[in-house]
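These are the residues of each chain, in order.
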There are 2 protein chains.
Amino acid sequence: MGKTERKERERKRRKDRILNAAISLIEEKGFEKTTMEEIAERAEFSKGTLYLYYNDKSSLFQAIKKRALKYLHDQFLQILQKDLPGAKLVHEMMITFLDLIHENATFTKAMMLYGKKSEQEVEATDGTIQEDCIQLENELLMLIVRSLQIGVQDGSINTKLDPKLLALQIGFQMNGMIQFCLTGSNKKGLQILDEKNMDLPDLMEQFLQTQFSQAG
Amino acid sequence: MGKTERKERERKRRKDRILNAAISLIEEKGFEKTTMEEIAERAEFSKGTLYLYYNDKSSLFQAIKKRALKYLHDQFLQILQKDLPGAKLVHEMMITFLDLIHENATFTKAMMLYGKKSEQEVEATDGTIQEDCIQLENELLMLIVRSLQIGVQDGSINTKLDPKLLALQIGFQMNGMIQFCLTGSNKKGLQILDEKNMDLPDLMEQFLQTQFSQAG
DNA sequence: ATAAAAAATAACTCTCAGTCATTAACTGAC
DNA sequence: GTCAGTTAATGACTGAGAGTTATTTTTTAT
């Protein structure tokens, strides 16, 4: 009798129920305005119960980040399976990223905000989730590196840079774009994109082309 | 008798006194752990007084951001005065930025964190400071554009891209690097930089070189 | 010297994260 | 079935800290 396993599964279910409640509320009212009380209500638990599943509010929010990272990781792995030139692999990965930003602001915000918590302010946050996130981030980076290496091999990528460094730069560019999306509407940047009739995916493509066509 | 002017000046003084108290405390204990009570104490005011000068905690933090942006703006203007090739101007601007990040984490954090406040969660925040920050950010961007245009003119920059778009990309890269610094120590990225014996300024230089040497 | 205005205060309210003592539900042994 | 033990859930409680306001102190003008 798989007693413990079932227990585990049910626990996971409940954790997810809470997480979903949190996400839907955050989408409606924003991060800071969402209270544990409300999350509990929507998940049909009492407040106290939430703390049986997540150490604190911060952990709960980090779990959202983790979910987003897991999604990206899955997608990246699938992309890497495809039999495409390396340059195209990287491009698809970046588009996947941008799509996520575009259609799910909550995930994006979670990805940026909860994970900073510098030394001084870590304290309570559940170490495990934090670790998982770091691990996932690293793996995402390495999947980009893999794609770059493939691209260098197959000739679709010409660069003077080491793939790892290039991956880092691409990561920075990606992060910069995310930040740009979060900072919101009022922006010279949007105006520029608009007057050139471009969007972020276009700009990302431009960027990658520049990076990938460096006469060695 | 310049009565009102003196009043204004004194008011500004007191605002600064509060701001400095806030910055020093944040440096010691981090953003979220710093309370209005403590800030008041250090500034030698009572808590209530703080609210005569800043609408709320969020405004106070945004004022820190504003100060950082003002500093950068001044620096950028000075750089632009110099009689240097455009490519060098941009490079110096970026180095200035990276220096700031490096030596003043508080400013950096403020720059990233307080300014997101998306629609849902703006509410009380002092509109004026917000506006000022947006204005400053836009001007920073335009100063980069100016430098790029100079570079295209003097031939130090070869690019297929429009200067405005290129400025945007450089801005993204910069933001990505800031984010990287904030996210803190535990990082594959640091390891990569380490094993290649590089730091962020090096990587930025690489990045700019790539961008500036695109055969047209 | 005094009325008016400006600046500062500290006691207060209110919201919300996180805790804990208690209760309910389930599980298995007999 | 029922009782002991374990796991899950509850909601009343505490404490911290943001923001408010009625009151007092200080400054300025006449």
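Residues numbered from 1 in each chain as written. Chains lettered and ligands numbered in written order. Predicted model: local features only at pLDDT ≥ 70, side-chain atom pairs only at ≥ 80, totals over all residues. Heavy atoms only, no water.

Within an unreviewed UniProt entry, the label attached to chain A reads TetR/AcrR family transcriptional regulator, and the organism entered is Rhodohalobacter sulfatireducens.

Caption draft 1: Focus on the pattern of salt bridges. Within this structure, the stated rule accounts for 22 salt bridges over all chains. For B:Lys196, the salt bridge goes to A:Asp162, with nearest N and O atoms at 3.0 Å. Here A:Asp162 lies in the loop between α7 (127-154) and α8 (163-183) and B:Lys196 lies in the loop between α9 (188-195) and α10 (200-212), a pairing that spans two chains. For B:Lys196, a relative accessible area of 29% gives the class partly exposed. For A:Asp162, a relative accessible area of 27% puts it in the partly exposed group. (Salt bridge = Lys/Arg side-chain N within 4 Å of Asp/Glu carboxyl O. Helix = DSSP H or I, 4+ residues; strand = E, 2+ residues; numbered from the N terminus. Buried < 20%, exposed > 50% of the residue type's maximum accessible area, 1.4 Å probe, protein only.)

Caption draft 2: Region of the structure containing the UniProt feature "DNA-binding region" (unreviewed entry) in chain A. Under the UniProt annotation, "DNA-binding region" (unreviewed entry) lies at residues 35-54 of chain A. For residues 35-54 of chain A, the end-to-end C-alpha separation is 14 Å, with 75% helix and 0% strand making up the annotated structure. (UniProt positions renumbered as here; feature names shortened; annotations may be inferred.)

Caption draft 3: Summary view of helix α9 (residues 188-195) of chain A. For α9(A), the set of buried residues is A:Gly189, A:Ile192 and A:Leu193. Burial along α9(A) is one-sided: seen end-on, the buried residues are contained in an arc of 95°. Where α9(A) is buried, its residues touch α8 and α10 (200-212) of chain A together with α7 (127-154) and α8 (163-183) of chain B. Count one or two residues on from α9(A) and you reach A:Asn197, which has phi positive near 55°. (Arc of directions from axis to C-beta. Contact = heavy atoms within 4.5 Å.)

Caption draft 4: Molecular detail of the domain arrangement of chain A. Residues and elements named next belong to chain A. Domain assignment breaks chain A into domain 1 (1-53) and domain 2 (65-212). One C-alpha centre belongs to domain 1, the other to domain 2, and the line joining them spans 28 Å. The interface is formed by seven residues belonging to domain 1 together with seven residues belonging to domain 2. With both chains or domains summed, domain 1 and domain 2 bury close to 630 Å², and 60% of this area falls on carbon and sulfur atoms. Area buried by domain 1 at its contact with domain 2 is led by Ile23, Glu27 and Phe31, which between them contribute 67% of it. (Domains from an automatic or database assignment. Buried area = accessible area lost by both parts, 1.4 Å probe.)

Caption draft 5: Up close: the protein's contact with DNA strand C. Within the structure, DNA strand C sits among 17 residues, and A:Arg6, A:Lys47, A:Lys57, B:Ser46 and B:Tyr53 are positioned closest to it. Of what DNA strand C places within 4 Å of the protein, 62% of the atoms are sugar or phosphate. Take A:Met36: an N or O atom from its main chain is 3.0 Å from a phosphate oxygen of DNA strand C. With four residues, the single largest contributor to the surface near DNA strand C is helix α3 (residues 47-53) of chain B. (Near = heavy atom within 4 Å. Polar contact = N/O pair within 3.5 Å; in protein donor to acceptor, adjacent residues only side chain to side chain.)

Caption draft 6: Structural view of the relation of the copies chain B and chain A. The transform that puts chain B on chain A rotates by 180° and translates by 0.0 Å along the axis, for an RMSD of 0.0 Å. One copy is carried onto the other by what is essentially a two-fold rotation axis. A high fraction, 100%, of the interface residues of chain B reappear at the interface in chain A, so the copies pair face to face through one surface. (Least-squares fit on C-alpha atoms with pLDDT ≥ 70 in both.)

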